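Listed below, chain by chain, are the residues.
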Amino acid sequence: MGAAGYGYYRVVIFICMFTGYSLYFFNRKTFSFVMPSVMEEIDFDKDDLGMITSSQTMAYAISKFISGVLSDQISARWLFSTGLFVVGVINVAFSWSSSVPVFSLLWFINGLGQGCGWPPCGKVLRKWYEPSQFGTWWSVLCCSMNLAGSLGPILVMVLLRYYHWRTILTMSGIFCSAFSFVCLVLVKNEPKDVGLPSIEAAAKKGVKGGKSESTLSEFLLSPFLWVLSLSYLVVFGVKTAATDWGQLFLMQEKGQTALMGSTYMSALEVGGFVGSLASGFISDRAVARQGLGTYGNPRHSLLIVMMAGMYVSMYLFRVTITPEVPQEATLWVQAIHPVSVLIGVSEKEIWILFLGAMFGFSSYGPVALFGVIASESAPSNFCGTSHAIVALMANVGAFMAGLPFSTIAKQHSWDMAFWVAEVTMAVTVVGFFLVRNMRTKMGRIAEKMD
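This is a predicted model, so every value here is computed, not measured. (Residues numbered from 1 in each chain as written. Predicted model: local features only at pLDDT ≥ 70, side-chain atom pairs only at ≥ 80, totals over all residues. Heavy atoms only, no water.)

## A look at the confidence of the model for the protein chain
Next up, step 1: Summing up the model confidence of the protein chain, the mean pLDDT is 83 and the portion of residues at 70 or higher is 88%.
Next up, step 2: Of the regions scoring below 50 in pLDDT, residues 205-211 engages in eight contacts with residues more than four places distant in sequence or in other chains. (pLDDT = per-residue confidence, 0-100. Contact = heavy atoms within 4.5 Å.)

The following block contains the structure:
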């Protein structure tokens, strides 16, 4: 009966969170999806568009950190549902507006609501799934973003043939707000809320040694928290640089077409989808075999391999792709030639797509793993705060991949900017490898467990 109870609630809760977070992400990008239609009706310049989108990005970074801390103090169910409701209402209000200041204010509030989405998901997943399942379901939930990001533009493009952009935003906002009430009813914070034994309590059964909850100072003074945060800063910064500027790099310095640049980005997203799923599934198998100890983490081996894959794919992307056709066929051209003849696509195009998929696979996997490790390594009373801190550092990395990265490219070249990213990535991989067996359990450790 207990197993059946867990199974039912896990399915219902996960479907609600997957659907809910897909709606979060779709309604985060609705303005981007309808931007061409909006610009036909309202006279915007690039600065106006930048102000609107940047206001949301800034608010999202702030809100995600605060929500991570709040998720340890208040009901995750209420936090998730409230944010979803606010995001829906703001999309409806946005559809009624026409001025840049109002658009910017509303999209800033949208960003605040968006930050309430992911931290409660991580909290609920940890409460409902064993450590050997946590990574897999975390990765599957991450795919809700890929789903909304890939199908969203297509859906909006089809709807724009029949409806005005304001109607589309209104419909999207109403559906989003309505679904928030479904989440409020069906999502449960933890098994104890429905009379089932706690997963964490079962995992810790038999451990003695007094009070196991850590204080905030004990948690914040854990070295592993900051090792994880700095590593995530670099990984997310490099990943953002490649996704934001890779297409431009291909076109401006590698002599590729806009179509090739767009295809490269699509290959990157497909690779990212597979990498995200694979990272959770494979690392969960390692946790099932070895268990989670005080020192090291079974997920570290896969994390280091994928981070090294980011470096290798970036290096090959920068060095092997050239505007001119080499006089002598290189090794990779010879290896790909049979496939090229078979499908009728040039060796260079296949190679670019392969490198895009390889980078996507190698970069989206660590993004999922850093979140999983941050949540499961923290004390149960600070798992939301732990994820909030490493996510905040990731946003710092994303910021550095913007203006600082483009400044290097402006002063020197895109090639130099990507070389700097490669070197930074290589140093991070070596550093993380050297400390892979450090104490990973944050905060206080029960005497018998230690």
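## Focus: a nonpolar patch on the surface
Next up, step 1: Together, Leu 147, Leu 151, Ile 154, Met 157, Val 158, Tyr 162, Tyr 163 and Met 171 make up an exposed nonpolar region whose accessible area comes to about 790 Å².
Next up, step 2: Element by element, the count of residues in the nonpolar patch is highest for helix α7 (residues 131-159), at five residues.
Next up, step 3: By the element assignment, Met 157 lies in helix α7. (Patch = residues over 30% accessible without salt bridge, like charges linked within 9 Å, V, L, I, M, F, W, Y side chains within 5 Å. Areas by Shrake-Rupley, 256 points an atom, 1.4 Å probe, with all protein chains shown as cover. Salt bridge = Lys/Arg side-chain N within 4 Å of Asp/Glu carboxyl O. Helix = DSSP H or I, 4+ residues; strand = E, 2+ residues; numbered from the N terminus.)

## Some words on the side chain of Asp 284
Next up, step 1: For Asp 284, the position within the fold is in helix α12 (residues 258-290).
Next up, step 2: For Asp 284, a relative accessible area of 0% translates into the label buried.
Next up, step 3: Excluding anything up to four places from it in sequence, Asp 284 contacts Pro 131, Ser 132, Gln 133, Phe 134, Gly 135, Thr 136 and Arg 299. (Buried < 20%, exposed > 50% of the residue type's maximum accessible area, 1.4 Å probe, protein only.)

## A look at the packing of helix α11 (residues 223-252) against α12
Two quantities define a packed helix pair, namely the angle between the axes and the distance from one axis to the other.
Next up, step 1: For the pair α11 and α12, interaxial distance at closest approach is 8 Å and the crossing angle is 150 degrees. In this view, α11 runs roughly antiparallel relative to α12, as classed from their interaxial angle. The two elements α11 and α12 cross, and the hand of that crossing is right-handed. Where α11 approaches α12, its residues Thr 243, Gly 246, Gln 247, Leu 250 and Met 251 are matched on the opposing element by Ala 258, Gly 261, Ser 262, Tyr 264, Met 265 and Leu 268. (Axes fitted to C-alpha atoms, helices over the stretch in contact; angles between N-to-C directions. Parallel < 35°, antiparallel > 145°, perpendicular 65-115°, else oblique. Left-handed = near helix turned anticlockwise from the far one by under 90°.)

## Describing the pattern of salt bridges
Oppositely charged side chains can form a pair if their charged atoms are brought close together.
Next up, step 1: Taken as a whole and judged by the stated rule, the model has seven salt bridges.
Next up, step 2: The partner of Asp 284 in a salt bridge is Arg 299, and the shortest N-O contact between them spans 2.8 Å. Highlighted residues: Asp 284 in helix α12 and Arg 299 in the loop between α12 and α13 (300-320), separated in sequence by 15 residues. Here Asp 284 matches Arg 299 in class, with each residue buried.
Next up, step 3: Two residues, Arg 318 and Asp 415, come together in a salt bridge whose shortest N-O distance is 3.3 Å. Highlighted residues: Arg 318 in helix α13 and Asp 415 in helix α18 (residues 414-434), separated in sequence by 97 residues.
Next up, step 4: You can call Asp 415 partly exposed: its relative accessible area is 25%.
Next up, step 5: Residues joined by salt bridges that share partners form a network here, namely Asp 284, Arg 299 and Glu 376.

## Let's talk about the packing of helix α4 (residues 76-95) against helix α6 (residues 118-128)
Next up, step 1: Two elements in contact, α4 and α6, have axes whose closest approach is 9 Å; the angle formed by their N-to-C orientations is 150 degrees. The orientation of α4 relative to α6 falls into the category roughly antiparallel. Crossing of α4 over α6 shows left-handed handedness. Contacts from Ala 76, Leu 79 and Phe 80 of α4 reach α6 at Pro 120, Cys 121, Lys 123 and Val 124.
Next up, step 2: Grouping the constituent residues of the contact of α4 with α6 by class yields six nonpolar, no polar and one charged. (Nonpolar A, V, L, I, M, F, W, Y, C, P; charged D, E, K, R; others polar.)

## Brief notes about the packing of aromatic side chains
Working definition: an aromatic ring pair is given by the centre-to-centre distance plus the angle between the planes.
Next up, step 1: Counted under the stated rule, the structure contains 23 aromatic pairs.
Next up, step 2: Both rings, one in Phe 317 and one in Phe 418, keep their centres 6.3 Å apart while their planes meet at 50 degrees; by these two values the pair is tilted. Within this pair, whereas Phe 317 is found in helix α13, its partner Phe 418 is found in helix α18, the two being separated by 101 residues in sequence.
Next up, step 3: Among the aromatic residues, those joined into a ring-pair cluster are Tyr 21, Tyr 24, Phe 80, Trp 118, Phe 134 and Trp 138.
Next up, step 4: Between the NZ or CZ atom of Arg 28 and the centre of the ring of Tyr 60, over which it lies, the distance is 4.5 Å. (Phe/Tyr/Trp six-rings, centres within 6.5 Å; stacked < 30°, edge-to-face > 60°. Lys NZ or Arg CZ within 6 Å of the ring centre and 35° of its normal.)

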